[in-house]
Amino acid sequence: MTVDRRDWLKGLAGTSAAFAAGDLLPQPSRAAELKLAGAKEFTTACNFCSCGCGMVGHVVQGKLVNLEGDPGHVVNEGALCVKGTAMLATHDSPQRVRTPKYRAPGSAEWTEISWDEALDKLARKIQSVRDANWVATEKDGEQEFAVNRTDAIAFLGGAQSTNEECYLWTKSARLYGTSFLEHQARL
Ligand code: SF4
């Protein structure tokens, strides 16, 4: 189809008339409304850092479909930082790693291993590092004291951990004999 100058001007006049009539005025998006239709709503808190921003979540047929800042929350009044805004992706992203992966020394490939295998590997590694770096005693002048510790292991807790998990984390660090225990929320 070819459009000559006359047709083009006629088309332009028609478009202007449509604008004048308001036919092409921008309409509010109804996508968010439809997405949450019939959803069960609940309130929760962002678990990324110790600010504790409030969030509202929506579940449709047992599936979490939305997380957003809670406008009624005293800490954040509906706002979220970039981490909180991206939280839904950490819950349901297809890119999320869901099984342990192992890369053998010298290999460029990651292979999937079972949770049992991963835990065994970790336990053996921690044990060997601890044994190889164990400090049983230390001298202070002529006197020797039992210290029973290792300086080769450090623990770093994450803000996603609950109080109870942090309690167990701290106990574990003490059992391994390290005093290097830090938490992300303090950094
Ligand atoms: S939204 Fe950001 S500032 Fe608020 S708790 Fe989460 S990570 Fe912390």
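This text gives an overview of the structure that appears in the document. (Residues numbered from 1 in each chain as written. Predicted model: local features only at pLDDT ≥ 70, side-chain atom pairs only at ≥ 80, totals over all residues. Heavy atoms only, no water.)

Another point: the overall build of the protein chain. Along the protein chain, the regular secondary structure elements total six helices and nine strands. By the burial criterion, 16% of the 187 residues in the protein chain qualify as buried. Approximately 14,500 Å² of the protein chain is accessible, and the part contributed by carbon and sulfur atoms is 56%. (Helix = DSSP H or I, 4+ residues; strand = E, 2+ residues; numbered from the N terminus. Buried < 20%, exposed > 50% of the residue type's maximum accessible area, 1.4 Å probe, protein only. Areas by Shrake-Rupley, 256 points an atom, 1.4 Å probe, with all protein chains shown as cover.)

What follows concerns the pairing of strand E2 (residues 54-60). Counting buried residues along E2, five of its seven residues qualify, which places the element largely inside the surrounding structure. The pairing of strand E1 (residues 40-45) with E2 spans six bridges and is classified as antiparallel. Within E2, the residue paired with Lys40 across the bridge is Val59. Direction of pairing for E2 relative to strand E3 (residues 63-69): antiparallel, over a ladder of six bridges. (Pairing = 2+ DSSP bridges.)

This part takes up the site of the ligand. Taken together, Cys46, Phe48, Cys49, Cys51, Gly52, Cys53, Leu80, Cys81, Lys83 and Gly84 make up the full set of residues near the ligand. Of the residues belonging to the shell around the ligand, the class tally is seven nonpolar, two polar and one charged. (Near = heavy atom within 4 Å. Nonpolar A, V, L, I, M, F, W, Y, C, P; charged D, E, K, R; others polar.)

This brings us to the environment of Val60. Summarising the element assignment, Val60 is placed in strand E2. Sequence-distant contacts of Val60, defined by excluding residues within four places in its chain, comprise Lys35, Ala39 and Val65. (Contact = heavy atoms within 4.5 Å.)

A word on the pairing of strand E7 (residues 143-150). With six bridges joining them, strand E6 (residues 134-140) and E7 adopt antiparallel strand pairing. Counterpart to Val135 in the pairing with E7 is Arg149. Counting the residues that bridge the hairpin from E6 to E7 gives two residues, and of these Gly141 lies at a positive phi of roughly 70°.

This part takes up unusual backbone geometry. Even without being glycine, Glu77 reaches a positive phi, approximately 45°. Topologically, Glu77 is positioned in the loop between E3 and helix H3 (82-85). Positive phi, close to 45°, is recorded for Asn148, a residue that is not glycine. Mapping Asn148 onto the fold places it in strand E7.

In spatial order, the strands read E1-E2-E3; together these three strands make up an open sheet with antiparallel pairing. Edge strands, defined here as strands with exactly one partner in the open sheet, are E1 and E3. Here the strands of the sheet are splayed against their neighbours by 30° on average, with no regard to which way each runs. (Axes fitted to C-alpha atoms, helices over the stretch in contact; angles between N-to-C directions.)

Applying the stated criterion across every chain yields a total of three salt bridges. When the shortest N-O distance is used, the salt bridge between Lys101 and Glu112 registers 3.5 Å. Here Lys101 is found in strand E4 (residues 101-102), whereas its partner Glu112 is found in strand E5 (residues 111-112), with eleven residues between them in sequence. A salt bridge links Glu138 to Arg149, with the nearest nitrogen and oxygen atoms 2.6 Å apart. Placement of Glu138 in strand E6 and of Arg149 in strand E7 is noted, with a sequence separation of eleven residues between them. Relative accessible area serves as the criterion here: at 35%, Glu138 is assigned to the partly exposed category. By sharing partners, the salt bridges in this structure join Glu138, Arg149 and Asp151 into a single network. (Salt bridge = Lys/Arg side-chain N within 4 Å of Asp/Glu carboxyl O.)

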